[in-house]
Amino acid sequence: MKCFDCCSAGELLKVPNQIQRFEYGPEGQSVTLEVMVTVWKCFDCGALITDGDAEVIRDQAVSDYKAGKLEPVDSSGARFLRSVAKPDKEEIDSLIAFMGGLDSDL
Ligand SMILES: [Zn+2]
């Protein structure tokens, strides 16, 4: 495979399992879908290239989205924020008590 950017004939570095996001749908109503693809990195210009396999994976993601099997990525990033647990007050209190216990032992 050749680099499309600089047409280098040099070897491209295979980088598997890269998360790639792409827009799907009409403008204003498009959603962001996330796929895991293999990308190729050009040693000469640093361009990242995806091959035909990535195209198939993106097509599959669109089919899955249409079938309701794939959730679009929340572009606000709220999905990630929600997964961060709030510290439990009881847990902190017991941790402080534990630390205090250690201090008195010394
Ligand atoms: Zn290149």
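Here the structure is a predicted model, which means the values were calculated and not measured.

K.L.:
Explain the overall build of the protein chain to me, and be specific about the residues and the numbers.
P.N.:
For the protein chain, the count of helices and strands is 3 helices and 3 strands. Counting only residues that meet the buried cut, the protein chain has 5% of its 106 residues in that class. In the protein chain, once contacts between residues fewer than 6 apart in sequence are set aside, the share between residues at least 24 apart is 55%.

K.L.:
Give a detailed account of the pairing of strand E1 (residues 12-24), specifying residues and quantitative values.
P.N.:
In terms of residue burial, E1 counts as a barely covered element, since only 0 of its 13 residues are buried. Here 11 bridges tie E1 to strand E2 (residues 31-42), and the two strands are oriented antiparallel to one another. Residue pairing across strands places Leu12 opposite Cys42, the latter belonging to E2. Connecting E1 to the next strand, E2, in antiparallel fashion are 6 residues, including Gly25 with a positive phi near 110°.

K.L.:
Describe unusual backbone geometry, listing the residues and the values that go with them.
P.N.:
The backbone of Asn17 sits at a positive phi, close to 55°, despite the residue not being glycine. By secondary structure assignment, the location of Asn17 is in strand E1. In this structure Asn17 comes out as exposed when scored by C-beta crowding, with 8 C-beta atoms within 10 Å.

K.L.:
Outline the sheet that holds E2, listing residues and values.
P.N.:
Pairing within the open sheet is antiparallel, and its 3 strands lie in the order E1-E2-E3. Every other strand in the sheet has two partners, leaving E1 and strand E3 (48-50) as the edge strands with one partner each. Each neighbouring strand pair of the sheet contributes to a mean axis angle of 45°, computed without reference to strand direction. Summarising the sheet, E2 and E3 pair through 3 bridges and their orientation is antiparallel. Paired with Lys41 across the bridge in E3 is Leu48.

K.L.:
Talk me through the environment of Leu12; I want residue IDs and the actual numbers.
P.N.:
Checked against the element boundaries, Leu12 lands in strand E1. Overall, the presence of 19 C-beta atoms within 10 Å leaves Leu12 in the partly exposed class. Along the chain, Leu12 and Cys42 lie 30 residues apart, while their C-alpha atoms are 4.9 Å from each other.

K.L.:
Explain the confidence of the model for the protein chain residue by residue, including any values.
P.N.:
Summarising the model, the protein chain shows a mean pLDDT of 81, and 82% of its residues fall at 70 or more. When pLDDT is averaged over each element of the protein chain, helix H1 (residues 52-66) comes out on top at 94 and helix H2 (residues 78-82) at the bottom at 46. Long-range and interchain partners of residues 78-84, a stretch whose pLDDT sits below 50, account for 1 contact in this model, where long-range means more than four residues apart.

K.L.:
So what's going on with H1? Which residues, and what values?
P.N.:
Under the 1.5 Å per step criterion, the end-to-end length of H1 is 21 Å for 15 residues, consistent within 8% with the ideal 21 Å. In the segment just after H1, Gly68 is the residue with positive phi, at about 75°.

Here is what the cut-offs are and how they apply
Residues numbered from 1 in each chain as written. Predicted model: local features only at pLDDT ≥ 70, side-chain atom pairs only at ≥ 80, totals over all residues. Helix = DSSP H or I, 4+ residues; strand = E, 2+ residues; numbered from the N terminus. Buried ≥ 20, exposed ≤ 12 C-beta atoms within 10 Å, placed from the backbone. Contact = placed C-beta atoms within 7 Å. Pairing = 2+ DSSP bridges. Axes fitted to C-alpha atoms, helices over the stretch in contact; angles between N-to-C directions. pLDDT = per-residue confidence, 0-100. Expected span 1.5 Å × (residues − 1).

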